[in-house]
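# Breakdown of the fold
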Amino acid sequence: MIHVEQQGNVLAIRMSRSFFGRPFWWTTAYWIDGLLVDTGPCFATKDLCRVLQKLKVEQIVITHAHENQVGGLPALVEQFPDAKVYASRRALPILQNPPTASLQFYRRILWGVPQPWQGPVTRLDEVGDRIVTAHYTFHVVETPGHTADHIALFEPNQKWIFSGDIYLHGQDDAWNAEADLFGVICSLRTLASLHPERLFAADGRISRTPLPELHGKIGLLVQHARDVARMDALGLTAEEMVLRLFPKEPPIAFWTQGHYSTRHLVAACRSYNALFMALSSEC
């Protein structure tokens, strides 16, 4: 399933598996002025190439090297032989040799298994401080947390942010074991400090009031950490914390076979609190 929407000068290309005629989990590539931000999952490669065939793609930026952001890269490199591909320093080795053996089953089903980089080495490069197109200049913002290699793009004149997966809509009642809560909160604060007026997230939702939404997300995550700290002080176990905070496990825990869970969120809050206390004691 693919859905294309023009938002001013930005083309949003949303891709998802379809179950019983309904999308399950959107992931989005954005095209703007010859620049493509992310390339979608493997299964949507043909549709994505079809959408882009009448457009020019001169540069491709990968926000992070997850399979739903990089799956279409091999085909796009072939379709646009002059396009340069940029990613963060930490993402480059993952693009060259994706860790497919450790990929969870649900991720293989939802998005497919990414292929190693097979294009010329000269076309794959570490992203610099900015990406310049004919009409825009995008500042590269390091935003670790969701992954260590994550970056976002900010266009200061338009006040646009392309946030990848560092900001996603909805309630955070589950967490995955690899994500770093401290990094996510710090990265969200970095994005908020830019005072954006439009935010293009990897889940395909485009925020027209991103600043209060960013602050709301930060406040929610910090509140979770405070709740866990309070219960830690009372001597509650992790299981007891889970039951008090989230009496019912969210559906995502079932669909991801526990990769996302409330237990992981409590553990992330504990790690956040420990690091926060350590940094506070050094000040």
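Check the entry above for the structure.
All values derive from a computational prediction rather than experimental measurement.

## A word on the pairing of strand E2 (residues 10–15)
Most of E2 is tucked away: six of the six residues are buried. Side chains of E2 alternate between two faces, with Val-10, Ala-12 and Arg-14 and Leu-11, Ile-13 and Met-15 buried alike. Where strand E1 (residues 2–7) lies against E2, six bridges are found, and the strand directions are antiparallel. Bridge pairing links Ile-2 to Met-15 in E2. Two successive antiparallel strands, E1 and E2, enclose a turn made up of two residues, where Gly-8 displays a positive phi of approximately 65°. Across five bridges, the pairing between E2 and strand E5 (residues 27–32) is antiparallel. Bridged to Leu-11 within E5 is Trp-31.

## What about the sheet that holds strand E11 (residues 137–142)?
Within the open sheet, the six strands sit side by side as E10-E11-E12-E13-E15-E16. Their pairing is mixed. Lying at the two open borders of the sheet, with one neighbouring strand each, are strand E10 (130–132) and strand E16 (206–207). Bridge count for strand E13 (residues 160–164) against strand E15 (residues 198–201) is four bridges, and the pairing is parallel. From the neighbouring strand, Ile-161 faces E15, where its bridge partner is Leu-199. Where helix H6 (residues 181–193) meets the sheet, it contacts E11, strand E12 (151–155) and E13, and its direction lies at approximately 150° from that of E11.

## A word on the nonpolar core
In terms of nonpolar packing, the biggest core is built from 34 residues, with Trp-175 and Leu-181 touching the most fellow members. Contributing elements (two or more residues each) for this core: E12, H6, E15, helix H7 (210–233), helix H8 (238–245) and helix H10 (262–282). Of all hydrophobic cores here, the second largest spans 28 residues; its members include Trp-31, Leu-48, Phe-80 and Leu-92.

## Digging into the packing of H6 against H10
Packing of H6 against H10 leaves a shortest axis separation of 8 Å and a crossing angle of 70°. Taken together, the axes of H6 and H10 lie roughly perpendicular to each other. Listed contacts from H10 to Leu-181, Phe-182 and Ile-185 of H6 are Ala-268, Cys-269, Tyr-272, Leu-275, Phe-276 and Leu-279. Among the residues making up the contact of H6 with H10, the classes are represented as nine nonpolar, no polar and no charged.

Definitions and cut-offs
- Residues numbered from 1 in each chain as written.
- Predicted model: local features only at pLDDT ≥ 70, side-chain atom pairs only at ≥ 80, totals over all residues.
- Heavy atoms only, no water.
- Buried < 20%, exposed > 50% of the residue type's maximum accessible area, 1.4 Å probe, protein only.
- Helix = DSSP H or I, 4+ residues; strand = E, 2+ residues; numbered from the N terminus.
- Pairing = 2+ DSSP bridges.
- Contact = heavy atoms within 4.5 Å.
- Axes fitted to C-alpha atoms, helices over the stretch in contact; angles between N-to-C directions.
- Core = buried A, V, L, I, M, F, W, Y, C linked by side-chain atoms within 4.5 Å.
- Parallel < 35°, antiparallel > 145°, perpendicular 65-115°, else oblique.
- Nonpolar A, V, L, I, M, F, W, Y, C, P; charged D, E, K, R; others polar.

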